[in-house]
Amino acid sequence: MNELFLLCLRLGFTAFGGPAAHIAILENEVVEKRKWINSQEFLELMAFTNIIPGPNSSEMVMAVGYHHSKRKGLIVAGFAFILPALLITSLITLFFISSDLSVLETLTLAVTPLLIVIIASALIKLIKKQEKSFLNIFLFISALSLKLLNVNEIIIFILAGLLYLIADKLKTIKLLIVEPISLFVIFLSFFKIGATLYGSGYVLMSYLKTEFVDTLRILTEQQITQAFASGELTPGPVFTTATSLGIIMANIPGGIIASIGIFIPSFTFMLLLMPFKKKLSSNQIIKKILQGISIAALAIMAHVVIDLLLSISNNSILISFLLINSLIVYKSKMNSMILLPINALIYFLVTALIK
């Protein structure tokens with residue numbers, strides 16, 4: 001148990017690069033090095049966590065913990081993996097909100113082109129893995145169109161899952177798919193997001209915009225982007241964006257409540273469902289529903305890319321940054337974490353020279 005805790009804690013402090021990178025690192029540690037689990041079992045756990053809403057890489061860590069030491073291992077592994085990111089994100093957010101806001105705004109602008117490249121790159125990789133059937137293309141276009149019309153993500157996901165199931169059953173086609181604010185409202189908002197979000201952490205931006213910009217009207221799109229950048233800059237799950245936003249809305253108590261709200265569903269789902277892993281993973285109805293939802297999640301990611309592109313469309317410097325970052329990531333496969341501080345430094349220098 002001590003080894004499990006220390007491994008997950010180390011991953012929490014060092015695992016950069018998003019869910020796919022986290023899972024690859026985890027596989028190397030528990031399959032290749034420690035032999036706690038074989039490759040087939042690891043793949044089965046990956047398939048199972050796709051059934052459950054919430055952060056995939058965090059849930060994979062919990063699943064490995066359960067495999068290692070049942071429910072106690074699940075809780076220890078999940079807590080150890082998430083805690084470092086919560087602490088680091090909190091410190092970054094507190095530093096920025098207590099400093100010159102113009103510096104924070106400039107930093108947000110500086111990293112926006114790279115965020116576009118990171119999300120678009122992940123989107124392209126995920127699309128390549130999908131079957132290029134008429135139904136999948138139709139679902140993707142329909143889900144993206146609904147999101148462009150400001151339809152809530154949860155509605156899109158529900159429609160996507162059900163209609164994919166219907167289409168499979170009928171062997172035809174159809175479509176588819178989320179006051180001063182109180183701590184209770186913060187908890188409920190993030191709990192709802194944590195309990196219903198499918199797809200990668202990059203879908204989170206769309207959920208946050210819908211909840212806090214469009215519905216509650218207590219945050220701006222820029223604040224969402226700032227918080228997401230904080231989550232991306234830190235190791236561990238991107239869901240710690242919630243911690244940053246909670247601090248922005250209600251200081252440290254808000255950060256704690258937001259973190260609890262968004263991560264509790266994952267712990268709850270995993271604790272309740274892991275004993276039934278084999279049965280759920282082999283259920284064909286669940287598989288078809290999830291296939292539809294996964295395509296809708298790609299459409300939501302595409303909408304996030306479009307939103308970010310529109311936010312920098314009038315800034316020729318940032319457009320140049322976007323093109324250069326795209327070329328570097330495509331040609332050199334350089335780690336995005338190396339590019340983030342480079343982007344920020346160059347943008348600060350360029351804007352200083354122009355002024």
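Throughout, a residue's number is its position along its own chain's written sequence, starting from 1. Local features in this predicted model are restricted to residues of pLDDT 70 or higher, and side-chain atom pairs are both shown and tallied only at a pLDDT of 80 or more, whereas totals for entire chains, interfaces and linings draw on every residue. Heavy atoms throughout the structure, all of them, feed into the side-chain values; hydrogens and water do not.

A look at the overall build of the chain
Counting its secondary structure elements, the chain contains 15 helices and zero strands. Residue burial in the chain is summarised as follows: out of 355 residues, 51% are buried. Method for areas: the Shrake-Rupley scheme with a 1.4 Å probe, in which residue coverage is limited to the protein chains shown. For the chain, the exposed surface amounts to about 16,300 Å²; the carbon and sulfur share of it is 69%. By the criteria applied, helices consist of DSSP H or I runs no shorter than four residues and strands consist of E runs no shorter than two, each listed in order from the N terminus. Buried means the residue's accessible area, taken with a 1.4 Å probe over protein chains only, is under 20% of the maximum for its type, while exposed means over 50%, and partly exposed covers the values in between.

Some points on the packing of aromatic side chains
The rule is short: rings of Phe, Tyr and Trp, with Trp giving its six-membered ring, pair when the centres are within 6.5 Å, and they are stacked under 30 degrees, edge-to-face over 60, tilted in between. Applying the stated criterion to the full structure yields three aromatic pairs. Judged by centre distance (6.3 Å) and plane angle (45°), the ring pair of Phe239 and Phe263 falls under tilted. On the criterion of sequence distance, the pair formed by Phe239 in the loop between α10 (221–233) and α11 (241–273) and Phe263 in helix α11 is long-range, its members being 24 residues apart. Here Phe239 matches Phe263 in class, with each residue buried. Sitting over the face of the ring of Trp36, Arg34 holds its NZ or CZ atom 5.7 Å from the ring centroid. Charge-over-ring contacts are defined here by two conditions on Lys NZ or Arg CZ: a distance within 6 Å of the ring centre and an angle within 35 degrees of the ring normal.

Quick look at the packing of helix α8 (residues 183–196) against helix α9 (residues 204–215)
All axes are obtained by fitting lines to C-alpha atoms, using only the stretch in contact for helices, and the reported angles, taken between N-to-C directions, cover 0 to 180 degrees. In the contact formed by α8 and α9, the axes pass within 11 Å of each other and the chain directions differ by 145°. Here the hand of the crossing between α8 and α9 comes out right-handed. In contact with Ser189, Phe190, Lys192, Ile193 and Thr196 of α8, α9 contributes Leu204, Tyr207, Leu208, Glu211 and Phe212. For this classification, the nonpolar set comprises Ala, Val, Leu, Ile, Met, Phe, Trp, Tyr, Cys and Pro, the charged set comprises Asp, Glu, Lys and Arg, and every other residue, Gly included, is treated as polar. Taken together, the residues of the contact of α8 with α9 break down into six nonpolar, two polar and two charged. Should the near helix be turned counterclockwise from the far one by less than a right angle, the crossing is left-handed, whereas a clockwise turn marks it as right-handed. Here, residues are in contact when the closest pair of their heavy atoms is within 4.5 Å.

Let's talk about the environment of Val61
Position of Val61 relative to the elements: it lies in helix α4 (residues 56–97). Under the relative-accessibility criterion, Val61 is labelled buried at 3%. Counting along the chain gives 13 residues from Val61 to Leu74, while the straight-line C-alpha distance between them is 7.7 Å.

Side note on a nonpolar patch on the surface
A residue counts toward a patch only above 30% relative accessible area and without a salt bridge, and it is joined to like-charged neighbours within 9 Å or, for Val, Leu, Ile, Met, Phe, Trp and Tyr, to nonpolar neighbours within 5 Å. One speaks of a salt bridge when a side-chain nitrogen belonging to Lys or Arg is within 4 Å of a carboxyl oxygen belonging to Asp or Glu. On the surface, Phe191, Ile252, Ile256, Ile260 and Ile264 cluster together into a nonpolar patch covering about 380 Å² of accessible area. With four residues, the single largest contributor to the nonpolar patch is α11.

Here's the deal with the pattern of salt bridges
Within this structure, the stated rule accounts for six salt bridges. The closest approach of N and O atoms between Glu29 and Lys33, which form a salt bridge, is 3.5 Å. Note that Glu29 and Lys33 are positioned in helix α2 (residues 19–33) at a spacing of four residues, about one turn of the helix. Exposure remark for Glu29: the relative accessible area of 5% places this residue in the buried category. We classify Lys33 as exposed; its relative accessible area is 52%. Residue Lys209 is joined to Asp214 by a salt bridge in which the shortest nitrogen-to-oxygen separation is 3.4 Å. For Lys209, a relative accessible area of 15% translates into the label buried. One salt-bridge network, in which partners are shared between bridges, spans Glu3, Arg10, Glu29, Lys33 and Arg34.

Re the side chain of Ser259
One can find Ser259 in helix α11. Overall, the relative accessible area of 6% leaves Ser259 in the buried class. Beyond its immediate sequence surroundings of up to four residues, Ser259 is in contact with Leu86 and Thr243.

Here's the deal with the nonpolar core
Nonpolar side chains tend to gather and get buried jointly when the protein is soluble and globular. Ranked by size, the top nonpolar core spans 91 residues in total, and within it Phe42, Phe190 and Ile193 carry the most contacts. Aside from chain neighbours lying at most four places away, what touches Phe42 is Ile23, Leu26, Glu27, Val30, Val31, Ile37, Met60 and Val64. Listed in part, the five residues of the second largest apolar core include Leu135, Leu139, Tyr164 and Ile295. To define a nonpolar core, start from buried Ala, Val, Leu, Ile, Met, Phe, Trp, Tyr and Cys residues and group those joined through side-chain atoms within 4.5 Å.

Some words on the environment of Leu74
Relative to the helices and strands, Leu74 is located in helix α4. Put simply, Leu74 and Val64 are 10 residues apart on the chain and 7.2 Å apart in space, counted from C-alpha to C-alpha. Apart from the residues within four sequence positions on either side, Leu74 is in contact with Met62, Gly65, Tyr66, Phe267, Met270, Leu271 and Met274.

Scope: geometric values only; no functional claims are made or implied.
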